[in-house]
Amino acid sequence: MPTATEAGLSDTQRQVVELAREFARERIEPFAAEWDRTSHFPRDVIDEMGKLGFFGMTTPEEYDGMGLDTVTYLLALEEVAAADAAIAVSMGIHNAIPTTMLVKHGTTEQRERWLKPMARGELLAGFALSEAEAGSDAASLAAQATKEKQGWVLNGAKAWATNAGTADLMMIMARTDQTGARRGAKGISTFIVPTDSPGYTACKPEDKMGLRASNTAAIELSDCRLPADALLGDGGMGFVYAMEGLDAGRLGIGAQGVGIARRALEHCIRYTAERRQFEKPLHDFQAVQFKLADMATRIEAARALAHRAAVRKDAGENVGMHASMAKLFASETAMWVTTQAIQLFGGYGYMRDFPVEKLFRDAKVTEIYEGTSEIQRLVIARALR
Ligand code: CAA
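Residues numbered from 1 in each chain as written. Predicted model: local features only at pLDDT ≥ 70, side-chain atom pairs only at ≥ 80, totals over all residues. Heavy atoms only, no water.

In this section: the packing of helix 4 (residues 85–105) against helix 6 (residues 238–274). Direction vectors running N to C along helix 4 and helix 6 enclose 155°, while the axes themselves pass 9 Å from each other. Accordingly, the angle class assigned to the pair helix 4 and helix 6 is roughly antiparallel. The two elements helix 4 and helix 6 cross, and the hand of that crossing is right-handed. Two secondary-structure elements touch here, helix 4 through A85, A88, V89, A96, I97, T100, M101, K104 and H105 and helix 6 through Y241, A242, E244, G245, L246, A248, G249, Q256 and I260. For the contact of helix 4 with helix 6, the residue count by class is 11 nonpolar, five polar and two charged. (Axes fitted to C-alpha atoms, helices over the stretch in contact; angles between N-to-C directions. Helix = DSSP H or I, 4+ residues; strand = E, 2+ residues; numbered from the N terminus. Parallel < 35°, antiparallel > 145°, perpendicular 65-115°, else oblique. Left-handed = near helix turned anticlockwise from the far one by under 90°. Contact = heavy atoms within 4.5 Å. Nonpolar A, V, L, I, M, F, W, Y, C, P; charged D, E, K, R; others polar.)

Below, the structure is given as structure tokens:
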């Protein structure tokens, strides 16, 4: 299976991919099945990744990041996702959404206090936009932030937030305009919320189908008092900041989908060479060869789409539509490839003892979070008007 490293990369890209691949092979993949079974979030491994720079990959060097281009970041994320997509999502959210928000809209003080330690891997960050009644329609969120003399008070509840119970800080979207209609993108603001703030409670981790080592939880905000400088950027611009963050995040989900699909194909190539039926290896059957060929082709196309969007992003283009295309295609590729993988493994594929079953479960959420496939199609269609 041709991997990304064979595709004419720069020396830096090659070195970063090698580092990510080696780390993933030694420190993630051997333990992934156990973490999945026990829903264990390995903060020690996340911290090790942080020390290696994986949590500040595209953060500019002046903020203690690695200052790498987005393609290099996606290549590293693909390697981590191939080993365990649950670890990749922590890395992806942190690098894409809170980091983008602080780089673009943070004050000097906020960048010193939050962004630099995040880039050094000392603080883990997450992002909370969704609510029980505000999923795809994110602009209908109802959490409230009220201005007081000393700062802000947050009340409400967020849902399905990655890292909610394991992060050191969360970027939380709450409504600051109490006067307007309940729904509306205009009155939403972004707050930097340390997770040890009084009034911040991460609920019991969700019992998920896949990505079981990743912490996903609701957040209760009950008179959560924050200083005045917890507000990020301009009040009322939080929805736009969330969408900008999601543009970067969706590219990461593209790489995550590619990583999951690639690993499934690698398992299939090995398995179909070893497994014999009707007195020959499975891969001697043309029906099997065609399946493998289609899997490999879709993976290459998904990677190319994500990398092309990454190049556009680094050139300063608006990549909303391209990020949605990359996420849509890669997540549907991951789901399709892992479904074929289960089929090729047959009865074994359906068993927890074999790795493709976990890849199949992990793939599903890539079609749901950071915007469902339907939302990606909507974003693409709107851009075509
Ligand atoms: N960049 C910058 N600004 C943007 C933007 C972008 N990508 N997308 C929209 N905006 C701006 C618009 O220009 C508009 O501003 P103006 O009014 O000044 O023109 C404003 O934001 C509102 O935009 P829309 O009118 O398009 O808003 P909408 O209500 O129609 O919603 C949507 C658009 C695309 C459906 C959006 O709600 C959306 O993406 N929904 C999906 C939400 C989502 O992805 N949720 C996942 C949460 S994260 C998660 O999964 C948890 C986790 O931890 C993994």
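We now examine the domain arrangement of the protein chain. Assigned domains within the protein chain: domain 1 (4–124), domain 2 (126–237) and domain 3 (240–383). Look at where the C-alpha atoms of domain 1 and domain 3 centre, and you get two points 20 Å apart. Of the residues lining the interface, 27 residues belong to domain 1; the matching set on domain 3 comes to 28 residues. For the pair domain 1 and domain 3, the summed buried area comes to about 2,300 Å², and 60% of that belongs to carbon and sulfur atoms. If you look at where domain 1 meets domain 3, you find seven salt bridges. A salt bridge links R303 to E78; the nearest nitrogen and oxygen atoms lie 2.9 Å apart. Taken together, the connections running from domain 1 to domain 3 amount to 10 residue pairs in polar contact (both at pLDDT 80 or more). Looking at the side of domain 1 that touches domain 3, the elements that each hand over two or more residues are helix 1 (11–38), helix 3 (70–83) and helix 4. Taken together, the residues that form the side of domain 1 that touches domain 3 break down as 16 nonpolar, three polar and eight charged. (Domains from an automatic or database assignment. Buried area = accessible area lost by both parts, 1.4 Å probe. Salt bridge = Lys/Arg side-chain N within 4 Å of Asp/Glu carboxyl O. Polar contact = N/O pair within 3.5 Å; in protein donor to acceptor, adjacent residues only side chain to side chain.)

Note on terminology: disulfide describes a covalent bond linking the sulfur atoms of two cysteines. Per the counting criterion, the structure on display carries zero disulfides. Left without a disulfide partner, C203 is nearest to the cysteine sulfur of C224, which lies 13 Å away. With a relative accessible area of 24%, C203 lands in the partly exposed category. (Disulfide = S-S within 2.5 Å. Buried < 20%, exposed > 50% of the residue type's maximum accessible area, 1.4 Å probe, protein only.)

Let us now look at the nonpolar core. Counting residues in hydrophobic clusters, the biggest one holds 94 residues, and the most contacted among them are I28, M49, M91, M101, F127 and M173. With 15 residues, helix 6 is the largest single contributor of residues to this core. Among residues more than four places away in sequence, those in contact with M101 are G106, F127, M171, M173, T190, L232, Y241 and A242. Listed in part, the 21 residues of the second largest apolar core include W152, F191, A217 and I219. (Core = buried A, V, L, I, M, F, W, Y, C linked by side-chain atoms within 4.5 Å.)

Turning our attention to empty space enclosed by the protein. All chains considered together, the criterion is met by two cavities of 30 Å³ or more. Forming the walls of the largest cavity are L77, A88, V89, G92, I93, G249, G252, I253, Q256 and E370. Secondary-structure elements contributing two or more residues to the lining of the largest cavity are helix 4 and helix 6. Here the lining of the largest cavity spans two domains, since at least three of its residues come from each of domain 1 (4–124) and domain 3 (240–383). Considering only enclosed or pocket space, the second largest cavity measures out at about 40 Å³ in volume. Ranked by residues supplied to the lining of the second largest cavity, first place goes to helix 2 (residues 43–52) with four residues. Class assignment of the residues belonging to the lining of the second largest cavity gives a composition of four nonpolar, three polar and two charged. (1 Å grid on protein atoms, 1.4 Å probe; cavity = no way out; pocket = protein on both sides within 12 Å on 5 of 7 lines; lining within 4 Å. Points joined across faces, edges and corners; volume = space filled by probe spheres on them.)

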